[in-house]
Amino acid sequence: MTDTSKGQKMWGGRFSDKPSDIMQAINVSIGFDKRMAAQDVRGSKAHADMLAACAIITDTDNAAIQEGLDDILAEIESGRFPYRDEFEDIHLNIEARLSELIGETAGRLHTARSRNDQVATDFRLWVRDRLDGFSESLAELQRALLGQADAHADILMPGFTHLQVAQPVTFGHHMLAYVEMFGRDRARFKDARTRMNECPLGAAALAGTPYPIDRDMTSTALGFRAPMANSLDAVSARDFALEALSAASICATHLSRLAEEIVIWTSAQFAFVSLSDKFTTGSSIMPQKRNPDAAELVRAKVGRISGALISLTMVMKGLPLAYSKDMQEDKEPVFEAFDALSLALAAMTGMAADLSPNKANMEAAAGSAFSTATDLADWLVRELGIPFRQAHHATGEIVALAERQNKALHAVSLKDMQNIKPQIHEGIYGVLSPKNSAASRTSFGGTAPDNVRAQIKLWQKRLS
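Residues numbered from 1 in each chain as written. Predicted model: local features only at pLDDT ≥ 70, side-chain atom pairs only at ≥ 80, totals over all residues. Heavy atoms only, no water.

Peer 1: Looking at this structure, I do not really get unusual backbone geometry. What am I missing?
Peer 2: Leaving glycine aside, a negative phi is the common case for residues, and trans is the common case for peptide bonds. Residue alanine 322 is reached from leucine 321 by a cis peptide bond, and omega for that bond is 5°. Looking at the element boundaries, alanine 322 is found in the loop between helix H11 (293-316) and helix H12 (331-354). Non-glycine residue glutamate 88 carries a positive phi angle of around 65°. Along the chain, glutamate 88 turns up in the loop between helix H4 (59-78) and helix H5 (90-102). Residue glutamate 88 is classed as buried on the basis of its relative accessible area, which comes to 2%. With a phi close to 65°, alanine 112 is a non-glycine residue in the positive phi region. If you trace the backbone, alanine 112 turns up in the loop between H5 and helix H6 (115-151). (Helix = DSSP H or I, 4+ residues; strand = E, 2+ residues; numbered from the N terminus. Buried < 20%, exposed > 50% of the residue type's maximum accessible area, 1.4 Å probe, protein only.)

Here it is, written out as structure tokens:
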């Protein structure tokens, strides 16, 4: 190893002059990749233990390396670690600091590895750690939504298509729709974690190493399922990050949809729910305003997160095997996107727990716009044996009559309905109220309150 105490680069033996200031500025990455410091130390400790177990370095050297790395980790965790741009990245910063602490023995740590497999390992460890965090954050959000569903399983609200009132549903059923969505997001993160859980360490620069290393040992020590089977793939693959970003983008889209509904529902025109001061802001000029800024900001995060996916895709799309310096651009979009998703999940979990439904407004809206018209048509088919298309037409005529009379469907007289379809009898009123409409939807996955309660119990069990 070159003498870092004289300010020489660790890779500087081939070069007679130092890099230009511009080269240094474009090449340095310590400003952002220091976020992988803990993962780098972890990987180095596992690598050193393996080198000692394979008799590639002595136990004495390994003990010194382990102690030095523990001291470095303590410095990092306490904020005392001296990050320096001259050492480019987190890997060389830690190696240089280790050299200062334990002397030339530090130079043995890099035996049988390269920065290529080192950074690939660190990045996988970092992404894997964050995926584990997202899984728990999503579970917390699901629990908050389940709490709302459980408390309001019977409250009626309009179900929409095209943002037009369609049929009555329950608020609990609506909350459960997002529980299902976020459950799939958790599954996507889990699948991505399973696929990425192979260890690049030991692939070295691109072709493997002539040293008698034990890649299974380092893989196990770092919690990976197995070492990656191809050294070229090990150092050059970033599909694990792309897949994680893809899952994050879908999750952010779900968060954005719920955020949009919160924005709509809290408006004066809807007034379906309210949020407390914890998740709203005021106006600098309009004292009456209560703005759902937290929801709006969650809604916006999908742009940043999906943008990161596109950014990394563009970085990787034309790269030949194996490693290229372009890959230094892989981390910042992932770091930014995951930070944005973490914050959005926390904010949405808080809002989900904070929501206060306005039962009167929602139930009034549930019965508006002739929302039980489909129930009327279904009754004509079920009770009178009329083909659905004929029933649909007759229902349309009754709806038009109710509109002319400015009445809800259940307020139209039996005589007026019989003028359109003589076979109609008093039993029709059993399905025309929004409450009866929702209660009748007992098919699996339907909005009936009994269904909602059954699904709540299933999800509570899954998340317990």
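Peer 1: What is the right way to read H5 from this model?
Peer 2: Residues three or four positions apart in an α-helix share a direction because the helix packs 3.6 residues into each turn. Here H5 is 13 residues long and its end C-alpha atoms lie 18 Å apart, about the 18 Å a rise of 1.5 Å per residue gives. Judged by how many residues are buried, H5 sits mostly within the fold: 10 of 13 residues are covered. Every buried residue belonging to H5 is among Ile90, His91, Leu92, Asn93, Ile94, Glu95, Ala96, Arg97, Leu98 and Ser99, and all of these are buried. Buried residues along H5 sit in contact with helix H2 (30-33), helix H3 (37-53), H4 and H6. Its side-chain oxygen placed 3.1 Å from the backbone nitrogen of histidine 91, aspartate 89 serves as the N-cap of H5. Of the residues trailing H5, glycine 103 is marked for its positive phi of about 80°. (Expected span 1.5 Å × (residues − 1). Contact = heavy atoms within 4.5 Å. Polar contact = N/O pair within 3.5 Å; in protein donor to acceptor, adjacent residues only side chain to side chain.)

Peer 1: For this particular structure, what's the right way to read the packing of aromatic side chains?
Peer 2: By convention here, two paired aromatic rings are described through the distance between centres and the angle between planes. Counted under the stated rule, the structure contains 11 aromatic pairs. Seen in terms of ring centroids, tryptophan 126 and phenylalanine 338 are 5.9 Å apart; in terms of plane orientation they differ by 15°. Their pairing is stacked. Placement of tryptophan 126 in helix H6 and of phenylalanine 338 in helix H12 is noted, with a sequence separation of 212 residues between them. Of the two residues examined, tryptophan 126 and phenylalanine 338, each falls in the buried class. Judged by centre distance (6.0 Å) and plane angle (55°), the ring pair of phenylalanine 171 and tryptophan 265 falls under tilted. Within this pair, whereas phenylalanine 171 is found in helix H7 (residues 171-196), its partner tryptophan 265 is found in helix H10 (residues 239-265), the two being separated by 94 residues in sequence. Tryptophan 265 carries the same exposure label as phenylalanine 171, and that label is buried. Taken together through their ring pairs, the aromatic side chains of Phe123, Trp126, Phe134, Phe189, Phe240, Phe335 and Phe338 make up a single cluster. Over the ring of phenylalanine 335 we find arginine 35, and its NZ or CZ is 5.0 Å from the ring centre. We note arginine 462 situated over the ring of tryptophan 459; from NZ or CZ to the ring centre the distance is 4.4 Å. (Phe/Tyr/Trp six-rings, centres within 6.5 Å; stacked < 30°, edge-to-face > 60°. Lys NZ or Arg CZ within 6 Å of the ring centre and 35° of its normal.)

Peer 1: Mind showing me how you'd approach the packing of helix H14 (residues 373-384) against helix H15 (residues 388-405) here?
Peer 2: In helix packing, the relevant descriptors are the interaxial angle and the interaxial distance, both defined with respect to the helix axes. Look at H14 against H15: their axes get within 8 Å of each other, and the N-to-C directions meet at 135°. Accordingly, the angle class assigned to the pair H14 and H15 is oblique. In this structure, H14 crosses over H15, and the sense of that crossing is right-handed. Between H14, through Ala373, Leu376, Ala377, Asp378, Leu380 and Val381, and H15, the contact on the second element is made entirely by Phe388, Ala391, Ala394, Thr395, Ile398 and Val399. Looking at the contact of H14 with H15 residue by residue, the classes come out as 10 nonpolar, 1 polar and 1 charged. (Axes fitted to C-alpha atoms, helices over the stretch in contact; angles between N-to-C directions. Parallel < 35°, antiparallel > 145°, perpendicular 65-115°, else oblique. Left-handed = near helix turned anticlockwise from the far one by under 90°. Nonpolar A, V, L, I, M, F, W, Y, C, P; charged D, E, K, R; others polar.)

Peer 1: Explain the side chain of lysine 421 to me, please; I cannot follow it from the model alone.
Peer 2: Summarising the element assignment, lysine 421 is placed in the loop between helix H16 (414-420) and helix H17 (434-440). Although lysine 421 lies buried, it forms no salt bridge, and the closest oppositely charged side chain, glutamate 397, sits 6.9 Å away as judged by the N-O distance. With sequence-adjacent residues up to four places away left out, lysine 421 is seen in contact with Ile386 and Ala394. (Lys, Arg positive; Asp, Glu negative; His and termini not counted. Salt bridge = Lys/Arg side-chain N within 4 Å of Asp/Glu carboxyl O.)

Coordinates in, geometry out; function isn't part of it.
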